[in-house]
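A structural walkthrough
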Amino acid sequence: MQISLKKVISLFERSATPHRPYHVQWFITQKCNYRCKGCNVWRNKQKINELNTEEVKEGLDILRKLGAVELVFSGGNPLLRKDIDEILEYASRYFITTIYDNGSMALQKIDALRKADFAAISLDSLDENKNDYVKGVPGAWKNAMNAIFRLHDEGIAVGVSPTISQFNIDEIIDFTKYFINFGVPVWYCLYWYDQPKKDQLFKIGKKVDEFEIVDKGRFVEVCDSILELKRKHGGIFITERTIQTLKHLFLYGERTWTCQALQGFFMIDPQGRVAGCHLQEPVASIFNLKESWNSEKFRKLRGKYEKCTRCAYLCYIFYSLYSDVLSNMEILFTQQRNMKLLIDNLRNARSRHYAASSRSENETKIIRETSR
Ligand code: SF4
Ligand code: SF4
């Protein structure tokens with residue numbers, strides 16, 4: 001975790017500047033070594049020219065000048081890029097930088113992860129068989145669990161990221177309690193299906209009937225339980241406002257937010273194409289984004305996206321709810337608090353690690369099992 005005073009000041013300055021993007025998600029590669037059932041990315045066999053290291057750095061400079069604050073690297077699996085170490089080092093000088101992994105690469109790339117502000121490991125169930133079924137790869141659960149606890153013990157700011165779906169809705173509260181008890185924060189995603197559209201930036205979601213949340217009442221109960229847990233404990237990185245918005249959507253089918261795609265947030269694909277979100281068509285290249293940002297074309301697109309009701313991905317809802325300057329400052333303060341919480345947890349984890357260093361790996365595993 002790298003957070004110098006200079007970076008904090010610069011982040012607050014950028015957050016306080018109106019009309020600039022807060023959050024950018026960069027799908028930095030389409031390569032993936034997993035076969036998740038609800039994902040379209042690994043099914044895409046089309047060869048593309050992904051940006052090289054220098055081009056990515058150039059893109060990062062453009063994002064910084066544009067005033068972006070937060071950057072998430074995902075894919076595919078971004079850790080499959082050979083230059084990810086260099087990219088993370090460069091990005092985390094300027095942005096609150098998060099990187100996703102499915103748990104398969106984190107231990108091989110542990111030194112690269114030390115350069116990010118947060119590492120998020122995706123895991124969907126505490127049940128090994130269930131998780132491996134969702135991920136389409138045997139051993140996925142073990143990889144993720146090992147990665148989460150090893151990174152945590154190593155003092156890397158790691159969180160676990162489950163996708164809430166009908167498949168795991170009944171265990172999501174136990175799952176959350178399990179990790180927050182160990183001081184590992186939880187970031188939720190929500191299963192959503194991309195209705196296919198020609199020319200969308202990136203086809204991520206895949207329709208899987210057993211994942212689609214049909215039991216809306218159960219989902220509302222889960223929202224209430226998350227709220228209750230969140231009020232009692234730290235370590236649940238979803239805001240109360242976001243949970244209430246989701247709850248309202250599932251209870252009444254009503255959207256109480258206006259989409260801020262291409263305003264508060266946007267996406268970049270592995271070729272450097274920019275779109276408001278991954279379901280919309282590319283509308284610029286990262287290399288001419290500065291000129292496009294205040295253009296008439298973008299103004300019209302923003303108006304169109306504000307009326308769009310096509311998806312309810314959790315991250316898009318969140319960044320739409322928190323898109324004005326005051327809300328940006330609020331997220332940044334929350335993130336600072338989260339970082340402090342993580343640092344405290346990591347210090348505690350380190351003491352536990354030293355205390356346990358004479359124990360064998362198996363003994364440590366047993367301790368975790370019995371603490372459940
Ligand atoms: S969801 Fe992520 S880890 Fe799974 S196949 Fe898709 S890109 Fe890979
Ligand atoms: S609602 Fe917003 S994020 Fe979702 S598809 Fe429409 S423009 Fe994209």
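Residues numbered from 1 in each chain as written. Chains lettered and ligands numbered in written order. Predicted model: local features only at pLDDT ≥ 70, side-chain atom pairs only at ≥ 80, totals over all residues.

Before going further, it helps to spend a moment on the overall build of the protein. Along the backbone of the protein there are 14 helices and 10 strands. Across the 372 residues that make up the protein, the buried fraction comes to 41%. A separation of at least 24 residues holds for 74% of the contacts in the protein among residues at least 6 apart in sequence. (Helix = DSSP H or I, 4+ residues; strand = E, 2+ residues; numbered from the N terminus. Buried ≥ 20, exposed ≤ 12 C-beta atoms within 10 Å, placed from the backbone. Contact = placed C-beta atoms within 7 Å.)

Further remarks concern the site of ligand 1. Cys32, Tyr34, Arg35, Cys36, Cys39, Val41, Trp42, Gly75, Gly76, Asn77 and Asn102 make up every residue found near ligand 1. Classifying every residue of the shell around ligand 1 gives 6 nonpolar, 4 polar and 1 charged. (Near = placed C-beta within 6 Å. Nonpolar A, V, L, I, M, F, W, Y, C, P; charged D, E, K, R; others polar.)

With 93 residues, the main nonpolar core has Leu71, Ala119 and Ile121 as its most contacted residues. Counting residues per element, this core draws most heavily on helix H6 (residues 140-153), at 6 residues. Apart from residues lying up to four places away in sequence, Leu71 is in contact with Val24, Trp26, Leu63, Ala91, Phe95 and Thr97. (Core = buried A, V, L, I, M, F, W, Y, C linked by C-beta atoms within 7 Å.)

Attention now goes to the site of ligand 2. The local shell around ligand 2 consists of Cys259, Ala261, Gly276, Cys277, Leu279, Gln280, Tyr305, Cys308, Arg310, Cys311 and Tyr316. Residues belonging to the shell around ligand 2 are distributed by class as follows: 8 nonpolar, 2 polar and 1 charged.

The strands that make up a sheet are held in pairs by hydrogen bonds between backbone atoms, and each pair lies either parallel or antiparallel. Pairing in this open sheet of 8 strands is mixed, and the strands run S5-S4-S3-S2-S1-S8-S9-S10 from one edge to the other. Two strands close off the open sheet at either side, each with one partner strand: strand S5 (158-161) and strand S10 (284-285). Summarising the sheet, strand S8 (residues 265-268) and strand S9 (residues 273-275) pair through 2 bridges and their orientation is antiparallel. Looking at S9, one finds that Met267 is bridged to Ala275. (Pairing = 2+ DSSP bridges.)

Scored by pLDDT, the protein has a mean of 89; 89% of the residues are at 70 or more. Ranking the elements of the protein by mean pLDDT puts helix H14 (residues 361-371) last, at 43, and S10 first, at 98. For residues 355-364, every residue scores under 50 in pLDDT, and the model assigns this stretch 2 contacts once sequence neighbours within four places are set aside. (pLDDT = per-residue confidence, 0-100.)

On to helix H9 (residues 240-252). Between its first and last C-alpha, H9 extends 18 Å over 13 residues, near the 18 Å set by a 1.5 Å rise per residue. Those residues of H9 not exposed but buried are Thr242, Thr245 and Leu246. All buried residues of H9 project into a common sector of 95° when viewed along the axis, lining one side. In H9, the exposed positions that point more than 90 degrees away from the buried face belong to Glu240 and Tyr252. Positive phi appears at Gly253, one or two residues downstream of H9, with a value of about 65°. (Expected span 1.5 Å × (residues − 1). Arc of directions from axis to C-beta.)

What follows concerns the packing of helix H2 (residues 53-66) against helix H3 (residues 84-91). It is the contact of H2 with H3, at a shortest axis distance of 10 Å, that shows an interaxial angle of 15°. Classified by the angle their axes make, H2 and H3 are roughly parallel. H3 is crossed by H2, and the crossing has right-handed handedness. Contacts between H2 and H3 involve Thr53, Val56, Lys57 and Leu60 from the former and Glu86, Ile87, Tyr90 and Ala91 from the latter. Counted by class, the contact of H2 with H3 contains 5 nonpolar, 1 polar and 2 charged residues. (Axes fitted to C-alpha atoms, helices over the stretch in contact; angles between N-to-C directions. Parallel < 35°, antiparallel > 145°, perpendicular 65-115°, else oblique. Left-handed = near helix turned anticlockwise from the far one by under 90°.)

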